[in-house]
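So you can see what is in the structure, the chains are spelled out below.
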Amino acid sequence: DGGITQSPKYLFRKEGQNVTLSCEQNLNHDAMYWYRQDPGQGLRLIYYSQIVNDFQKGDIAEGYSVSREKKESFPLTVTSAQKNPTAFYLCASSITQGTEAFFGQGTRLTVV
Amino acid sequence: KNQVEQSPQSLIILEGKNCTLQCNYTVSPFSNLRWYKQDTGRGPVSLTIMTFSENTKSNGRYTATLDADTKQSSLHITASQLSDSASYICVVTANDYKLSFGAGTTVTVRA
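The sections below set out a description of the structure shown in this document. Here the structure is a predicted model, which means the values were calculated and not measured. (Residues numbered from 1 in each chain as written. Chains lettered and ligands numbered in written order. Predicted model: local features only at pLDDT ≥ 70, side-chain atom pairs only at ≥ 80, totals over all residues. Heavy atoms only, no water.)

1. Digging into the overall build of chain A
Short version of the rule: Numbering goes from the N terminus for both helices and strands, where a helix is a DSSP run of H or I of at least four residues and a strand is a run of E of at least two. Buried residues are those whose accessible area, probed at 1.4 Å on protein chains only, stays under 20% of the maximum for their type, while exposed residues exceed 50% and partly exposed ones sit between those limits. In what follows, a contact means two residues having at least one pair of non-hydrogen atoms within 4.5 Å.
For chain A, the count of helices and strands is zero helices and 11 strands. With the C-alpha coordinates of chain A rotated into their principal frame, the extents come out at 35 × 25 × 25 Å. Out of the 112 residues in chain A, the part that is buried amounts to 47%. Sequence-distant contacts in chain A: of pairs separated by 6 or more residues, those separated by 24 or more amount to 54%.

2. Some points on the interface of chain B and chain A
So the rule is basically this: Buried area is calculated as the accessible area (1.4 Å probe) missing from two parts once they are joined, with the contributions of both summed. We define a salt bridge as a contact between a side-chain nitrogen of Lys or Arg and a carboxyl oxygen of Asp or Glu at a distance within 4 Å.
Each side of the interface is counted separately: chain B has 17 residues, and chain A has 18 residues. Surface buried jointly by chain B and chain A totals about 1400 Å² across both partners, of which 51% is contributed by carbon and sulfur atoms. It is B:Pro44, B:Tyr97 and B:Phe101 in chain B that bury the most area against chain A; as a group they hold 31% of the surface buried on that side. Counting the contacts that link chain B with chain A gives one salt bridge.

3. Overview of the side chain of A:Gln82
Residues and elements named next belong to chain A. To keep things clear, this is the line we draw: N or O atoms within 3.5 Å of each other form a polar contact, as long as, within protein, one can give a hydrogen and the other can take it, and as long as residues adjacent in sequence are counted only when both atoms are side-chain atoms.
Topologically, Gln82 is positioned in the loop between strand E8 (76–78) and strand E9 (87–94). There is a polar contact of 3.0 Å between the side chain of Gln82 and the backbone nitrogen of Asn84. Setting aside residues up to four positions removed in sequence, Gln82 forms contacts with Arg13, Arg36, Glu62, Gly63 and Tyr64.

Laid out in C-alpha cells, this is it:
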C-alpha cells in the first residue's frame with residue numbers, strides 16, 4: 001500500500017528529554033512537512049523539505065530539528081528546548097511544494 | 001491574526017439533516033482552497049480542491065463553493081450520516097505555496 005506512515009502513535013516524554021518522531025512515505029514525493037496541531041488552532045508549520053538534504057524552518061521551528069537524508073524519511077526531533085511540546089504532530093508529503101498534501105495518522109506527544 | 005477563519009467552531013446535527021460550514025480567508029494572492037476531513041486522532045484527508053475560477057465542486061454528499069471576490073467558501077453536507085462526525089478544515093494555498101489552515105469546524109452527527 002502506498003502512503004505515509006508516522007510512528008509511534010502515542011509518545012510520552014519526560015522533562016528534559018529529546019524524542020524523535022518518525023515519518024516515512026512510499027509515494028515518491030519530493031516535499032515533506034511537519035505540522036503541530038493544538039486544540040482550537042489551525043495546523044502550524046514546524047519544518048518542511050522540498051528535496052533530499054534540504055529543509056527550511058516553518059513558523060514555529062524553535063525547539064525542533066529535522067533531517068532529510070533519504071527521500072522517503074523526514075524524522076522530527078523534539079528537543080528539551082521546546083517548552084510546550086504536548087501536542088498532536090502531523091507529517092505530510094506532496095509531489096512538489098504546493099500540490100495536494102497527504103497526511104500521516106499523527107503522533108500524540110505528551111510530556112509527563 | 002489567522003488568515004483563515006472558520007465558523008461555526010462546532011455544530012451538532014441529526015442524522016439525515018443537511019449542514020453548511022463557512023470559511024473566510026484573507027490570503028492573497030490566492031492559488032487554491034481545499035477542504036479536508038479529519039477524524040478524531042487521525043490525519044486530515046482531502047475532500048475537494050478549488051482554484052480561483054471554480055465556483056462549485058462536489059464529492060459525493062459534500063459540495064464546496066467558492067466566491068473568490070468576497071474570499072468566502074462553504075462546505076455543504078447533504079443527508080448527514082454518523083460517519084460524517086469529524087473536524088472539517090479549510091486550507092488556503094497562496095501563490096508562494098504557503099498553506100494557511102483554519103482551526104476547523106467540529107461536526108457531530110447524532111442518531
